[in-house]
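Overview (structure and organization)
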Amino acid sequence: MLTARVLGFGLCAPGLRDFPGFVTWLRDASQPLPAGRSAQPSAARLAPTERRRAPHAVRLAVDVASQATTNGHDAAGAVFCSAFGDMANTDVILTTLARAPLEISPIRFTHSVHNAAAGHWSIVAASHAPTTALACGREGVGAALLAALLEVDRGHEPQLLVCSDTADAGALGDAARCDSDFAVALLLGAEHGNPGAPLLRGAVRVGPGRATPPRDARLRPWWGGNPAARLLPLVEDCLQPGRQGFTLPLGSGTLLAIDCETPN
Amino acid sequence: MARWLYCRAATIPSTMPEAAVAIASYTAVSALGSGNAAHRDALRAGRSGLVPNDYRAAGAPLPCWIGRVAGLEDDPPPDVDTRLHRLLARALRQDQFGEDLARTLADCGAARVALVLGTSTANIEQSEQAYRRLDDGHLPMDLRDPRLHHLHGPAEWLGAQTGIAGPAFTISTACSASAKAFGLGAHLLRAGIADAVLVVGADSLCASTLHGFNALELVDASPCRPFDVQRAGLSIGEAAAMAILRHIDDAPLAARLLACGESSDAYHLSAPHPQGTGAERALRAALRECDLPPDAFDYVNLHGTASRQNDVIEAALIARLLPRVLASSTKGATGHTLGAAGALEAVITLLAMHSGCAPGTTGCIAPEPAIAAQLLRSPRSTTLRHALSFSFGFGGSNACLALACGVP
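Here is a short report on the structure shown in this document. (Residues numbered from 1 in each chain as written. Chains lettered and ligands numbered in written order. Predicted model: local features only at pLDDT ≥ 70, side-chain atom pairs only at ≥ 80, totals over all residues. Heavy atoms only, no water.)

**Here's the deal with the overall build of chain A**
Along the backbone of chain A there are 9 helices and 8 strands. Relative to the globule expectation of 18 Å for 264 residues, the C-alpha radius of gyration of chain A, 18 Å, shows essentially globular dimensions. Counting only C-alpha atoms and orienting by the principal axes, one finds that chain A spans roughly 55 × 40 × 35 Å. The burial tally for chain A puts 64% of its 264 residues in the buried class. For chain A, long-range pairs separated by at least 24 residues make up 71% of all intrachain contacts whose partners lie at least 6 apart in sequence. As presented, chain A carries roughly 9,400 Å² of accessible surface, and 51% of it is formed by carbon and sulfur atoms. Charged side chains in chain A number 22 positive and 23 negative. The centres of these two groups are separated by 2 Å. (Helix = DSSP H or I, 4+ residues; strand = E, 2+ residues; numbered from the N terminus. Rg over C-alpha atoms; globule rule 2.2 N^0.38 Å. Buried < 20%, exposed > 50% of the residue type's maximum accessible area, 1.4 Å probe, protein only. Contact = heavy atoms within 4.5 Å. Areas by Shrake-Rupley, 256 points an atom, 1.4 Å probe, with all protein chains shown as cover. Lys, Arg positive; Asp, Glu negative; His and termini not counted. Charge placed at Lys NZ, Arg CZ, Asp CG, Glu CD.)

See the structure below:
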């Protein structure tokens, strides 16, 4: 059994700039899901030069990471996860390579690494803590959550988990459909010492993995259309006092079963 | 069980760190050849696998040298055919590795075997092909399999080919990716999530990296010369390297992963920290994890890309922190295999320990003064019981593996 307390949240999605905004929207059942494909992340914590250079996908991930660590916590490490990475940048690079390969932009190539957001975050946070960048497929957030729980288990806490994907771009969207931007971050601390925070208990089980859909049906389009939004049921459970559970697929024959206990 | 498990002229230290896990089987395919014997013999002879660039996928080849795996074109893999899958399929077929993995799956149960794959570009070569013949702005129908276009595709293919049913991860932290894969693999074992972990590093030649590094003016027109004062950049290579991690009780005589130290530079996305502070933190984290002093190590396989910046910083770091440890970079022999480099160089280091021969720094004639006293320019026969391997990547991602020999 792996355990962690959720000490901080970050979220950015079309029409919802931050986690408090998401909570307000979620609690008002009369509000429809905001329309649009693009989120508007804040780049406030990026240095001015980086603000100009950092691509949208990086700004989105760094924004939610920053939101989740605003309560005075310094993360002892970070797991970044994106199924498709910066598809807009990849699309431009592939288009250039097909047309005039010698014209590939060095800045675009530098930002093409999957850990570009992790690298930017470490600079923004002035943190030498280890970070990783995972891509575990359309159902990859379970593997990312497991990796973050393992780090908490090793005493590397609080551990930041950032899951983000951006709306698909260009022909790549034919094989990697992603309907809109979505990013979510969790700051995970040790079970002991943070009694007021939601408690996650995770276990790897044998069985065909099935992702639990969100309870609030309004969230289904994001949950179904963006791999990072597969974490929405966890966020819902953390906001709902009581004890709930859900599952996330891991490999072809295993799943991560999460039990979430949120104090009143 | 492959005979490469066992080390000559070595003993297991009396105090093994708690974090250690066994490396029960391993293999590699690179420009040096296919399989452990080919790598051992080439490294012992000081041979380079670099050849003039004849990779033509994106028009006229750039004027540079590459570490190309010979014969891949005639070696299609099952199911989805990509250059990267060809590398992986070949690795599974050599050194009894596929048989060792099948036995591991039978012993542990498929759901108790995890997969951690490190790569920087996965199957992007297929995305490049698709973009050269878009159909009215869309991917051609024969190149729409999602596994061709996202980073986890090779892991999904490998899982299907091998029957691994446990948790599957793809780490993509540029050139540190597959070194970090060893670290995550060890955590999965220690936490009881898996009883065995297949760790893989794989990257194939592709236009993205050849032209991308060329745009950054980081590619040497001649074969790369790591740590040479006249060095002028790197040579890109391709490779697949695989290892099976087990609990020590399940493979008590095998070589061992003692630690994986990791850190971030927090400095710049593509330039290393000028004082090497991130690399130093990764080294210190590894030493702390395995509770061994620097002098306990007999050899360090350096990142040594032959870029101007990396090598001068790494040379100063080694001279300062590991002054009595033999050191070399093998990228002059294999090319820089990017996301595969961590796993490939772990296998090269294990082979060096097993064969009692530390590799030389192929291509280096006049070494950086700071490291000249300890840099091996040619191979040296010597007993190697403990060794380190450095991997640093864009994004300021650093990893340092600490490895130990098994017993005869």
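**What to know about the sheet that holds strand S8 (residues 236–237) of chain B**
Residue and element names in this part refer to chain B. The strand order across the open sheet formed by 3 strands is S3-S4-S8, and the pairing between neighbours is mixed. Pairing within the sheet leaves two strands with one partner each, and these edge strands are strand S3 (51–52) and S8. When S3 meets strand S4 (residues 65–67), the two strands line up antiparallel, connected through 2 bridges. Bridge pairing in S4 links Pro52 to Trp65. (Pairing = 2+ DSSP bridges.)

**Some words on the pattern of salt bridges**
Counting across every chain of the model gives 36 salt bridges over all chains. The salt bridge partner of Arg201 of chain A is Asp259 of chain A, with a shortest N-O separation of 3.1 Å. Residue Arg201 of chain A is located in strand S6 (residues 199–206), and its partner Asp259 of chain A is located in strand S8 (residues 254–262); the two are separated by 58 residues in the primary sequence. On the basis of relative accessible area, Arg201 of chain A is assigned to the buried category, the value being 19%. The partner of Asp295 of chain B in a salt bridge is Arg324 of chain B, and the shortest N-O contact between them spans 3.0 Å. With Asp295 of chain B in the loop between helix H8 (277–290) and strand S11 (299–301) and Arg324 of chain B in the loop between helix H9 (308–321) and strand S12 (326–328), this residue pair connects regions lying 29 residues apart in the sequence. Taking relative accessible area as the criterion, Asp295 of chain B reaches 47% and is therefore assigned partly exposed. Salt bridges here are not isolated pairs; linked through shared partners, they connect Asp54, Arg68, Glu73, Arg83 and Glu238 of chain B. (Salt bridge = Lys/Arg side-chain N within 4 Å of Asp/Glu carboxyl O.)

Functional significance is not addressed by these values, which are geometric in nature.
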